[in-house]
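# What the coordinates show
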Amino acid sequence: MPNALKIRDNIYWVGALDWEVRDIHCNTVPYGTTYNAYIVMDGEDVLLIDTVHPDFTDEMMSRIQSIVDPSKITDILINHAETDHSGALPSIMKYTPEARVYCSAKSGVKSIVQHYHESDWNFIELNTGDTFKVGKYEFTAQLLPFVHWPESMSVYLASEKILFSNDAFGQHIATSERFDTDGYPLDIVFREAKRYYANIVMAYNPAVANVLPAVGALDIEMICPSHGIIWTEKENIDKIQKMYHEWANQITDGRAAIIYDTMADSTKQMAYAIRDVLEEFGIQHRIYSLHSDSVSEVLTDVMTAEYIFIGSPTFNKTVLPTVGAFLSYIKGFAPKKRKGMAFGTYGWGNISNREIENIMAQLDWDIIPSMSAQYIPTDDQLEDLRNHVRNEINKRYDAQ
Ligand code: FEO
């Protein structure tokens, strides 16, 4: 039976591993995920921090039962109402119906009631700076509105220098390694942290940027997120916080992304002509075919790309469905401060570029004028495209 894992004296991990999930609300998760829950106990006082996805209730209960009878849980902290963290709450409440249930004062209780339709639970609301005690342990609430939902929050345990951060600083990875020091490849951990931020948090960048300084001011030796690996190494804790600062403040990395789909390889020819110019300039880049790459993988690089080229042929007076889905996705996540260009081919109605540029304009990007070709581009047209992109990049270099 699955057991709890001790992470400090009186502090245990009691979460669950979802090895098989590959999609979480349109976010591709190639490594599965972890639903992290924690127990902190002292004497008669037992706190459960978050729960797990409802499908994994039995696994969490088994881990809890390996260290304490669930009916002895006196306090439950729900940092976030989304079901991957609150989903096992109704089951736990059957064991311990009188437990105090702590939630964010910013709609935390309302969100839980709207999920589980139980308004009689012993709710206690927390604002930033509010404290509560579990035995000798005193926790301080730090609300994290919109990292990921309005009621998202975290708690800091000053005596242990541990931040229970919920979604913040998480990664969708299922692994038997619990800590960043256990040997799981850190390049994958940081890449998955980036994918996680891009596809879950990026839409709320200004709110994240607002709250990060308060988190950065804490003296942290361990970050226990609600997904993925626990951060314990100072170097990693500093690095993930620095990355969050850069992502939330939309700091780009100078790279480029060429994102396209094609019907008969004509738009593809244009994509690779743009590639030629990026190579000339030494601009690091990646080409994505929306026919085969998931939008969440593309968005992970788009989050930090400086140049974004989006191509589609005109198809039934609009863009290809794959490109339409990507435009909808990127519009929602709303990356700002980018240089963007549309390109594509058409048969008799030249419409796709206009639709792509419309989204770029809504995102307030610096728009490089689009280029198109009818049916199959000639060598001269491809060379015109190279010259155009070359000139536009040069203009932007000169302006810097
Ligand atoms: Fe991991 Fe927003 O839930």
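Located above this text is the structure these notes cover.
These remarks concern the structure in this document. (Residues numbered from 1 in each chain as written. Predicted model: local features only at pLDDT ≥ 70, side-chain atom pairs only at ≥ 80, totals over all residues. Heavy atoms only, no water.)

Okay, the pairing of strand S7 (residues 38-42) next. Burial analysis of S7 places 4 of its 5 residues in the buried class, the great majority of the element. For S7 and strand S8 (residues 45-49), the ladder comprises 5 bridges, and the chain directions are antiparallel. Counted as the bridge partner of isoleucine 39 is leucine 48 from S8. (Buried < 20%, exposed > 50% of the residue type's maximum accessible area, 1.4 Å probe, protein only. Helix = DSSP H or I, 4+ residues; strand = E, 2+ residues; numbered from the N terminus. Pairing = 2+ DSSP bridges.)

Note that soluble globular proteins tend to have their nonpolar side chains buried in a common cluster. Membership of the largest hydrophobic core comes to 58 residues, with the highest contact counts inside it found for Phe169, Tyr197, Ile240, Ile259, Val302 and Phe326. Among the elements of the structure, helix H5 (186-201), helix H6 (205-216), helix H7 (234-248), strand S17 (256-260), helix H9 (295-302), strand S19 (307-311), helix H10 (321-333) and helix H11 (352-362) are those that each provide at least two residues to this core. The biggest single contributor to this core is H5, with 8 residues. With residues near it in sequence (within four places) discarded, valine 302 still touches Ala257, Ile259, Ile308, Phe326, Ile330, Pro335 and Arg338. (Core = buried A, V, L, I, M, F, W, Y, C linked by side-chain atoms within 4.5 Å. Contact = heavy atoms within 4.5 Å.)

Spatially, 5 strands are ordered S18-S17-S19-S20-S21 in an open sheet, and the strand pairing comes out parallel. Edge strands, defined here as strands with exactly one partner in the open sheet, are strand S18 (285-289) and strand S21 (366-374). Across the sheet, the mean angle from the axis of one strand to that of its neighbour is 15°, orientation sign disregarded. Looking at chain direction, S19 and strand S20 (residues 339-346) are connected through 5 bridges and run parallel. By the bridge assignment for S20, phenylalanine 309 is matched with methionine 341. Sheet strands touched by H9: S17, S18 and S19. Its angle to S18, the strand with the most contacts, is close to 160°. (Axes fitted to C-alpha atoms, helices over the stretch in contact; angles between N-to-C directions.)

Tallying each qualifying case throughout the model produces 15 aromatic pairs. Each ring, one from tyrosine 197 and one from tryptophan 247, has its centre 5.4 Å from the other, and the planes form 45°; the classification is tilted. On the criterion of sequence distance, the pair formed by tyrosine 197 in helix H5 and tryptophan 247 in helix H7 is long-range, its members being 50 residues apart. Of the two residues examined, tyrosine 197 and tryptophan 247, each falls in the buried class. Note on tyrosine 307 and phenylalanine 309: the rings are 6.3 Å apart at their centroids and 10° apart in plane angle, and the pair reads as stacked. On the accessibility criterion, phenylalanine 309 (1% relative accessible area) is buried. Through pairs of rings, three or more aromatic residues link up here, namely Tyr38, Tyr102, Phe132, Phe139 and Phe164. (Phe/Tyr/Trp six-rings, centres within 6.5 Å; stacked < 30°, edge-to-face > 60°.)

So, about the environment of leucine 385. With respect to the element layout, leucine 385 can be found in helix H12 (residues 379-398). With 68 residues separating them along the chain, leucine 385 and lysine 317 place their C-alpha atoms 23 Å apart. When near neighbours in sequence (up to four residues on either side) are disregarded, leucine 385 contacts Met270, Ala273, Ile274, Met341 and Met371.

Overall, the coordinates contain 23 salt bridges when judged by the stated rule. A salt bridge links glutamate 297 to arginine 195; the shortest N-O distance between them is 2.9 Å. Note that glutamate 297 is positioned in helix H9 and arginine 195 in helix H5, a separation of 102 residues in sequence. For glutamate 297, a relative accessible area of 15% translates into the label buried. For arginine 195, a relative accessible area of 6% translates into the label buried. In this structure, the salt-bridge partner of aspartate 366 is arginine 396, at a minimum N-O distance of 2.9 Å. Separated by 30 residues along the polypeptide, aspartate 366 in strand S21 and arginine 396 in helix H12 bring together distant segments of the chain. The exposure class of aspartate 366 is partly exposed, given its relative accessible area of 32%. Several salt bridges share partner residues, and in doing so they unite Arg191, Glu192, Lys194, Arg195, Arg286, Glu297 and Asp301 into one network. (Salt bridge = Lys/Arg side-chain N within 4 Å of Asp/Glu carboxyl O.)

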